[in-house]
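In case you want the letters, here they are:
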Amino acid sequence: MKVAIIGQGYVGLTIALFATEYFEVIGFDSNEALIRQLNQGISHIEGVDSVLLAKRIKAGKYKATSHGEDLNESEVIVIAVPTPLTKDRQPDLSFIDSACKSIGQNISKPVLVINESTSFPGTLRNFIKPAIEKYSKDPIEHLYAISPERVDPGRTDFNQKNTPRLFSGLTSEASAKTREFYSKFCDSLVEVSSPEVAEAAKLFENTFRQVNIALVNEFAQIAHSLGISVYETLDAANTKPYGFMKFSPSAGVGGHCIPVDPTYLAAVAEEHGAPATFIRRANEVNLDMSKYIAKRILADNGGNLKGKSVLVVGIAYKPNVADVRETAAELVIEHLRSLGAVVSWHDDVVANWKGESSALLQGAEIAVVVTKHDSVDEEKILASAPYVFDTTGKVKGAKGF
Ligand SMILES: NC(=O)c1ccc[n+]([C@@H]2O[C@H](COP(=O)([O-])OP(=O)(O)OC[C@H]3O[C@@H](n4cnc5c(N)ncnc54)[C@H](O)[C@@H]3O)[C@@H](O)[C@H]2O)c1
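None of the values given here were measured: they were computed from a predicted structure.

K.L.:
Got a sec to walk through the site of the ligand? Specific residues and values, please.
P.N.:
Neighbouring the ligand are 27 residues; Val11, Asp29, Thr83, Ser98 and Thr118 lie closest to it. In this structure, an oxygen atom belonging to the ligand sits 3.0 Å away from a main-chain N or O atom of Tyr10. Contact distances for the ligand include 2.6 Å between a nitrogen atom and a side-chain N or O atom of Ser98. In isolation the ligand has 820 Å² of accessible area, and contact with the protein removes 90% of it. Listed by contribution, the elements that provide at least two residues to the shell around the ligand are helix H1 (10–19) and helix H4 (94–106). Looking at the shell around the ligand, the element that brings in the most residues is H4, giving three residues.

Structural data, given as structure tokens:
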């Protein structure tokens, strides 16, 4: 079976490599520089092994392309493109639309289209199917299904094989073919009654994280005002063997999807006249953490940061990945700069970001740890400045929540 995967980023390339064990895979991406790199057997994703990629290319099992006509041979097409927010923080389906265009304009026989991109309930039925039909020259009865991706980049205990996968087709034939496809490389498939349930479940999983992180972020501020340790209190609460799940405070929310996906749920809720107050508020609490951190650093440093050199340690959104999308570091830096601080940043795995390069981990007056990669030595962080504020709870001896 020939499979095409549209979007060769974190989700698409990861799934592509799993699928190459059983299928011939075309990795389609609009980024031509990335296509050249992938065809040389060089992966840009942590956890996707370049050696394996090169092996699959040599065996004729994988080919990256940016030519739409290469999709034409495929029997299954997986959509794995970004679903970000627009500037005014509304769902942005433009990448999905352009993926639908590539399918519509290049596929001339019925195929199974599976969406793995995260979006609100109704996207498969009311957006993807009509868009592909709109872009197709001739009317073609494709099969449509959703299987929201749950990959957690950098994680080694759970992957595409052992993470249960939700799915549902628009028809029973689409569901059956989707099951057949994923059963080759995924141990546990969970079919739900409609694509909308699968789409909503994915959004709810991430919203669950978002609101619980907001709660613990608010609690960190309460604990500080009471003069007690938030970490000790959370560990104490966590001794309850049921009805409690521990989340940790952070500079933001961690994860490029977590700040975005709940907004998709809130937008669709409000469109249907349902309240999303809790979700909206949680987002605000998480976004405000950067302001709170800047205020704490200001208070600890004599109420004046003007001209002080501040080093932000770790700008990736989570440990051990180079992904900076929606990183909390951005707002932390913005607030510190608005207070007059001279801010630079250090990251072991991100060399360049927003036209700036990673600075040395030394010589600052103030350091603030936003993300702690395993490779960064705790002692080096502590030695990088006389005052270190750690938002991760991992640098012992530093100030923190
Ligand atoms: N990264 C994760 O941890 C994760 C986890 C679960 C779900 N998701 C969801 O999966 C989807 C993809 O996320 P990602 O992290 O893989 O994104 P990504 O940015 O890493 O990769 C997306 C790729 O799609 C390409 N692209 C964009 N538009 C295209 C088009 N029209 N045709 C071909 N290629 C196109 C981009 O060049 C890019 O290489 C999103 O909806 C995201 O929310 C991501």
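K.L.:
Any details on the pairing of strand E4 (residues 76–79)? Residues and values, ideally.
P.N.:
Residues Val76 and Val78 of E4 are buried on one face, and the alternating residues Ile77 and Ile79, pointing to the opposite face, are buried as well. Summarising the sheet, strand E1 (residues 2–6) and E4 pair through four bridges and their orientation is parallel. Its bridge partner being in E4, Val3 is matched across the sheet by Val76. Note: E4 against strand E5 (residues 112–115), four bridges, orientation parallel. Directly across from Ile77, in E5, lies its bridge partner Val113. One crossover worth recording links E4 to the parallel E5 by way of H4, and it is right-handed.

K.L.:
Tell me about the layout of surface pockets, and please be specific about residues and values.
P.N.:
Put simply, the second largest pocket is a space of about 400 Å³. Around the second largest pocket, the lining comprises 21 residues; the ones closest to its centre are Thr14, Phe18, Gly47, Val48 and Asn159. Sorting the residues of the lining of the second largest pocket by element identifies H1 and helix H3 (50–58) as the ones contributing at least two each. Looking at the lining of the second largest pocket, the element that brings in the most residues is H1, giving four residues. Partitioned by chemical class, the residues of the lining of the second largest pocket number nine nonpolar, six polar and six charged.

K.L.:
Just give me the short version of the packing of helix H7 (residues 195–226) against helix H9 (residues 261–271), but keep the residues and values in it.
P.N.:
The N-to-C vectors of H7 and H9 enclose an angle of 115°; their axes lie 8 Å apart at closest approach. With respect to H9, the axis of H7 lies roughly perpendicular. The hand of the H7/H9 crossing is left-handed. Along the contact surface, H7 presents Lys202, Leu203, Asn206, Thr207 and Gln210, while H9 presents Asp261, Pro262, Tyr264 and Leu265. Its residues assigned to classes, the contact of H7 with H9 shows four nonpolar, three polar and two charged.

K.L.:
I'd love a proper account of empty space enclosed by the protein, names of residues and values included.
P.N.:
The tally for this structure, following the rule as stated, stands at two cavities of 30 Å³ or more. The computed volume of the largest cavity comes to approximately 70 Å³. By residue class, the composition of the lining of the largest cavity is three nonpolar, three polar and three charged. Reported here for the second largest cavity is a volume of approximately 50 Å³. Lining the second largest cavity are Asn115, Ser117, Thr118, Ser119, Phe120, Thr123, Ile146, Pro148, Glu199 and Lys202. The class makeup of the residues in the lining of the second largest cavity is three nonpolar, five polar and two charged.

K.L.:
I'd like to hear about unusual backbone geometry, residue by residue, with values.
P.N.:
Of note in this structure, Glu326 is not a glycine but carries a positive phi near 60°. By secondary structure assignment, the location of Glu326 is in the loop between strand E9 (309–313) and helix H11 (328–338).

K.L.:
I'd love a proper account of a nonpolar patch on the surface, names of residues and values included.
P.N.:
Residues Phe204, Phe208 and Met245 make up a contiguous nonpolar surface patch of roughly 320 Å² in combined accessible area. One can find Phe208 in helix H7.

K.L.:
How would you explain helix H5 (residues 123–135) if you had to name every residue and give the values?
P.N.:
Residues separated by three or four positions in an α-helix point in the same direction, a consequence of the helix having 3.6 residues per turn. Of the positions making up H5, those classed as buried are Thr123, Leu124, Ile128, Ala131, Ile132 and Tyr135. Down the axis of H5, the buried side of the element spans an arc of 105°, and every buried residue falls inside it. More than 90 degrees from the buried face of H5, the exposed residues found are Asn126 and Lys134. Contacts made by the buried residues of H5 are with E4, H4, E5, strand E6 (143–146) and H7.

K.L.:
So, the side chain of Gln160: which residues are in play, and what are the values?
P.N.:
Within the fold, Gln160 resides in the loop between E6 and strand E7 (165–169). Among the residues examined, Gln160 registers a relative accessible area of 3% and is labelled buried. A distance of 3.0 Å separates a polar atom in the side chain of Gln160 from a polar atom in the side chain of Glu149. Not counting the four nearest positions on each side in its chain, Gln160 is found in contact with Thr14, Ile15, Phe18, Glu149, Val151, Arg165, Phe185 and Cys186.

K.L.:
Can you explain the packing of H7 against helix H8 (residues 230–237)? Please cite residues and give values.
P.N.:
Axis separation between H7 and H8 bottoms out at 9 Å; the angle between their running directions is 120°. Looking at the two axes, H7 sits oblique to H8. For the pair formed by H7 and H8, the contact residues are Val216, Phe219, Ala220 and Ala223 on the first element and Val230, Thr233 and Leu234 on the second. Across the contact of H7 with H8, the residue classes break down as six nonpolar, one polar and no charged.

K.L.:
If you had to explain the packing of aromatic side chains to someone new, which residues and values would you point to?
P.N.:
A full pass over the atoms with the stated rule returns nine aromatic pairs. With a centroid separation of 6.0 Å and 35° between ring planes, the pair formed by Phe120 and Tyr264 is classed as tilted. With Phe120 in the loop between E5 and H5 and Tyr264 in helix H9, this pair connects stretches of sequence that are 144 residues apart. Each member of the pair, Phe120 together with Tyr264, is buried. Pairing Trp345 with Trp353 gives two aromatic rings, centres 6.0 Å apart and planes at 75°, and the pair type is edge-to-face. Of the two residues examined, Trp345 and Trp353, each falls in the buried class. Members of the aromatic cluster, connected to one another through ring pairs, are Tyr22, Phe23, Phe181, Tyr182 and Phe185. Cation over ring: Lys354 sits above Trp353, and NZ or CZ is 5.9 Å from the ring centre.

Here is what the cut-offs are and how they apply
- Residues numbered from 1 in each chain as written.
- Predicted model: local features only at pLDDT ≥ 70, side-chain atom pairs only at ≥ 80, totals over all residues.
- Heavy atoms only, no water.
- Near = heavy atom within 4 Å.
- Polar contact = N/O pair within 3.5 Å; in protein donor to acceptor, adjacent residues only side chain to side chain.
- Areas by Shrake-Rupley, 256 points an atom, 1.4 Å probe, with all protein chains shown as cover.
- Helix = DSSP H or I, 4+ residues; strand = E, 2+ residues; numbered from the N terminus.
- Buried < 20%, exposed > 50% of the residue type's maximum accessible area, 1.4 Å probe, protein only.
- Pairing = 2+ DSSP bridges.
- Right-handed = clockwise from strand over helix to strand, strands pointing away.
- 1 Å grid on protein atoms, 1.4 Å probe; cavity = no way out; pocket = protein on both sides within 12 Å on 5 of 7 lines; lining within 4 Å.
- Points joined across faces, edges and corners; volume = space filled by probe spheres on them.
- Nonpolar A, V, L, I, M, F, W, Y, C, P; charged D, E, K, R; others polar.
- Axes fitted to C-alpha atoms, helices over the stretch in contact; angles between N-to-C directions.
- Parallel < 35°, antiparallel > 145°, perpendicular 65-115°, else oblique.
- Left-handed = near helix turned anticlockwise from the far one by under 90°.
- Contact = heavy atoms within 4.5 Å.
- Patch = residues over 30% accessible without salt bridge, like charges linked within 9 Å, V, L, I, M, F, W, Y side chains within 5 Å.
- Salt bridge = Lys/Arg side-chain N within 4 Å of Asp/Glu carboxyl O.
- Arc of directions from axis to C-beta.
- Phe/Tyr/Trp six-rings, centres within 6.5 Å; stacked < 30°, edge-to-face > 60°.
- Lys NZ or Arg CZ within 6 Å of the ring centre and 35° of its normal.

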